[in-house]
Amino acid sequence: MTESRKASFGFTKLIVDDEEAQAEYYHQVYGLNKLHRVQNDDSGAGGSIREVIMGPGDTMSSESLVMFKIIDRPAPRDQEVILGFITDDLDALASRVLAHGGKHNGPIKSMPQHGVRVLFTTDPEGRLSENVELLAK
């Protein structure tokens, strides 16, 4: 019998302090929909948890971002992940970030040699995202 070693990427989980507020931020700024909620008292993740599973459509798919709250402890403060988003209108996304409690980590940078414009932002809890607009060729 041959053992299968194939695996595919499935999802990203952000460990957050307030899963509902963070889900609303990622909905308002990036258009991700709140698809499913989970609560588990014996999660195996170090305590009871609550999750809001989000995605770009109306049904669960392999493209998902999960707001993950371990109920009895605060979220870690160091950068455990950098989220990457691609948009066709970086200026509009930059405005949405500010309007919903996020911050810019500097100005939008044009990098025509790489075919992109880039803006690093943080969400209301301080997590870093790299936002990229692909330039027309």
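Residues numbered from 1 in each chain as written. Predicted model: local features only at pLDDT ≥ 70, side-chain atom pairs only at ≥ 80, totals over all residues. Heavy atoms only, no water.

Participant: Help me understand the environment of valine 132, please; the structure alone is not making it clear to me.
Facilitator: Within the secondary structure, valine 132 sits in strand E9 (residues 128-134). The sequence separation of valine 132 and phenylalanine 120 amounts to 12 residues, and the corresponding C-alpha distance is 8.8 Å. Ignoring anything within four residues of it in the chain, the contact list for valine 132 reads Phe85, Ile86, Thr87, Leu90, Val116, Arg117 and Val118. (Helix = DSSP H or I, 4+ residues; strand = E, 2+ residues; numbered from the N terminus. Contact = heavy atoms within 4.5 Å.)

Participant: Help me understand the nonpolar core, please; the structure alone is not making it clear to me.
Facilitator: Soluble, globular proteins show a tendency: their nonpolar side chains are buried together. Membership of the largest hydrophobic core comes to 16 residues, with the highest contact counts inside it found for Tyr26, Tyr30, Leu65 and Met67. Of all the secondary-structure elements, those providing two or more residues to this core are helix H1 (19-30), strand E3 (49-55), strand E4 (64-70), strand E5 (83-87) and helix H2 (90-99). The element best represented in this core is H1, accounting for 5 residues. (Core = buried A, V, L, I, M, F, W, Y, C linked by side-chain atoms within 4.5 Å. Buried < 20%, exposed > 50% of the residue type's maximum accessible area, 1.4 Å probe, protein only.)

Participant: Please explain the side chain of glutamine 22 as it appears in this structure.
Facilitator: Summarising the element assignment, glutamine 22 is placed in helix H1. Glutamine 22 gets classed as buried once you look at its relative accessible area, which sits at 2%. Ignoring any residue separated from it by four or fewer positions in sequence, one finds glutamine 22 in contact with Val16, Met67, Asp123, Pro124, Glu125 and Arg127.

Participant: Mind showing me how you'd approach the sheet that holds E4 here?
Facilitator: Two strands in a sheet stick together by hydrogen bonds in their backbones, pointing the same way (parallel) or opposite ways (antiparallel). With mixed pairing, the 4 strands of this open sheet are ordered in space as E1-E4-E3-E2. Looking at strand neighbours, the two that pair on one side only are strand E1 (11-15) and strand E2 (33-40), the edges of this open sheet. Averaged over all pairs of adjacent strands, the angle between their axes in this sheet comes to 20°, without regard to strand direction. Bridge analysis of E1 against E4 gives 5 bridges, and the strand direction is parallel. Each bridged residue has a counterpart across the sheet, and for leucine 14 the counterpart in E4 is methionine 67. Together, E1, E2, E3 and E4 form the strand contacts of H1, whose direction differs from that of E3 by roughly 10°. (Pairing = 2+ DSSP bridges. Axes fitted to C-alpha atoms, helices over the stretch in contact; angles between N-to-C directions.)

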